[in-house]
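Structural overview for review
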Amino acid sequence: MLVHTTSSSQGAPPLEALPSSGIPVRAGEAGLEIRQSQAADRGAQGRLFDQCFGKTDGASVLPWRYDGCPHGTAIAPAALGDDGQLLASYAAQPRRVHFRGDATGASVIAQTGDVMTSPELRSRGVFTDLHWVAMGEAQSRGWPAAWGLPNKFSGHIFFDKLAWRHAGHIGPWNFVLATSSAARAIRHQNGRLAKWGTPWAAWRGHAARRKATLPGTTVERWRTVPHDVKGLSNHVEQDFDWMVHRDAPYLTWRYLDAPCQRFALIGIRDAAGALIAYTAIQRPWGSDPDPACKLGFIVDLVGADPGAEAMALDVALVALARAGAAVVRAYAMRGSHWGRVLERGGFRRPRGHKEVGAYPLWPGHPLADATMDTSRWFFTDGDRDDEYAR
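How each quantity is defined
Residues numbered from 1 in each chain as written. Predicted model: local features only at pLDDT ≥ 70, side-chain atom pairs only at ≥ 80, totals over all residues. Heavy atoms only, no water. Buried < 20%, exposed > 50% of the residue type's maximum accessible area, 1.4 Å probe, protein only. Helix = DSSP H or I, 4+ residues; strand = E, 2+ residues; numbered from the N terminus. Arc of directions from axis to C-beta. Contact = heavy atoms within 4.5 Å. 1 Å grid on protein atoms, 1.4 Å probe; cavity = no way out; pocket = protein on both sides within 12 Å on 5 of 7 lines; lining within 4 Å. Points joined across faces, edges and corners; volume = space filled by probe spheres on them. Nonpolar A, V, L, I, M, F, W, Y, C, P; charged D, E, K, R; others polar. Phe/Tyr/Trp six-rings, centres within 6.5 Å; stacked < 30°, edge-to-face > 60°. Lys NZ or Arg CZ within 6 Å of the ring centre and 35° of its normal.

1. Considering helix H8 (residues 229–237)
Residues separated by three or four positions in an α-helix point in the same direction, a consequence of the helix having 3.6 residues per turn. Listed as buried for H8 are Val229, Leu232, Ser233, Val236 and Glu237. For H8, the angular spread of the buried residues around the axis is 130°, confining them to a single face.

2. Structural notes on the environment of Pro70
When you line up the elements, Pro70 lands in the loop between helix H2 (58–67) and strand E3 (77–80). For Pro70, a relative accessible area of 43% translates into the label partly exposed. Sequence separation of Pro70 and Pro94 is 24 residues, and the distance between their C-alpha atoms is 9.1 Å. Here Pro70 is in contact with Pro249, Tyr250 and Trp253, once residues within four sequence places are set aside.

3. Overview of the layout of surface pockets
Reported here for the largest pocket is a volume of approximately 1400 Å³. Around the largest pocket sit 46 residues that line it, and Phe53, Leu149, Pro150, Asn151 and Ser154 are the ones nearest its centre. A total of 7 residues in the lining of the largest pocket trace back to one element, the largest contributor, which is strand E5 (residues 102–117). Here the residues of the lining of the largest pocket are counted per class, giving 18 nonpolar, 15 polar and 13 charged. In this structure, the second largest pocket encloses a volume near 270 Å³. Surrounding the second largest pocket, 15 residues form its lining, Asn174, Gly346, Phe347, Arg348 and Arg349 being those nearest its centre. Broken down by secondary-structure element, the contributors of at least two residues to the lining of the second largest pocket are helix H5 (181–187), helix H7 (198–208) and strand E13 (327–333). Of all the elements, H7 adds the most residues to the lining of the second largest pocket, at 3 residues. Class assignment for the residues of the lining of the second largest pocket results in 4 nonpolar, 4 polar and 7 charged.

4. Quick word on the packing of aromatic side chains
What characterises a pair of aromatic rings is the spacing of the ring centres plus the angle enclosed by the ring planes. Taken as a whole and judged by the stated rule, the model has 18 aromatic pairs. Residues Trp164 and Tyr359 carry aromatic rings whose centres are separated by 6.3 Å and whose planes lie at 35° to one another, so their mutual orientation is tilted. Taken as a pair, Trp164 in the loop between helix H4 (155–161) and strand E7 (165–176) and Tyr359 in strand E14 (residues 354–360) lie far apart in primary sequence, 195 residues in all. An identical accessibility class is assigned to Trp164 and Tyr359; each is buried. Centre to centre, the rings of Tyr255 and Phe263 are 5.3 Å apart; their planes meet at 75°, and the pair counts as edge-to-face. Side by side, Tyr255 and Phe263 carry an identical accessibility label, which is buried. For the cation-ring pair, Arg262 lies above Tyr388, with the distance from its terminal atom to the ring centre recorded as 4.0 Å.

Take a look at the structure:
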């Protein structure tokens with residue numbers, strides 16, 4: 001594949017000119033060497049991660065995120081100075097996605113993230129070069145498309161300079177479980193009116209909540225993920241143009257092996273013992289006076305039919321209430337199936353949305369086309385590259 005070095009002013013190169021990250025290139029005016037990172041680089045990337053995002057867990061999170069996923073190893077090009085010091089990094093993380101349940105047509109879709117650049121190199125075109133190296137490698141691996149969640153600082157770069165497409169919007173849905181001071185503090189994030197309306201929001205949520213219990217069902221807490229979750233995923237995938245495939249290895253990695261250890265998995269079986277739904281919850285953490293200590297999340301939920309979805313949603317709310325949550329949050333794409341499930345279950349609509357971007361690497365591929373429209377996705381928060389929800 002042709003090596004192509006870009007700078008931030010050049011915009012999107014033609015697809016045939018995307019550079020492979022397997023070939024070292026020089027990064028624009030900064031004169032850095034760009035190469036695909038390896039497991040041995042995770043320590044340096046972890047330190048840069050902590051520096052850029054104000055965290056302390058990069059050394060444990062990045063090996064799990066980049067090297068552990070059963071769907072493949074992340075593409076994570078890094079920029080190195082003349083002394084070999086790692087000064088910038090970027091990532092495209094793989095998720096195996098099915099189109100309408102067709103496993104033969106499944107492909108890996110990349111989610112981009114972890115834009116990390118040392119302060120002295122920012123605004124010098126380094127990220128742009130890392131981006132095109134990552135896209136070139138993704139294309140060479142046969143991945144049809146990439147998507148991501150640009151923030152307010154990087155959005156103009158993705159959409160204006162890198163020619164990404166606007167694919168949709170994602171926002172937080174909330175269910176108010178209590179009228180406590182913690183619930184009011186969480187609601188205050190949406191303004192004083194939201195804070196004062198906490199009792200009304202709690203009443204409306206409980207009034208709309210469907211306390212669904214299907215006859216003969218059993219609820220089980222998973223310490224290990226059963227293998228029949230694959231059959232449930234296969235069944236649900238048939239109704240969607242874009243859905244990350246779930247099976248025991250993937251869910252084990254995504255939730256049970258996550259370094260934060262904040263997740264719990266709950267399954268529901270019918271009278272015959274068949275798995276009809278599961279949900280993944282993220283327990284509240286922290287301590288007073290931080291409101292986050294009372295904020296829980298539903299990060300994943302898959303049900304065989306609307307009745308199973310409704311029961312799983314209620315099971316998740318009960319479990320989070322027992323864990324001390326005053327407010328439960330779940331992120332959903334605007335106009336998506338998951339958003340409709342949340343609305344039927346009494347969750348409050350988002351007050352704001354974040355833009356979702358996408359880039360086609362193999363235009364015309366069914367999954368490339370589907371990636372350009374998030375309303376066609378089955379997507380929950382657990383499908384994101386972030387370890388845990390915020």
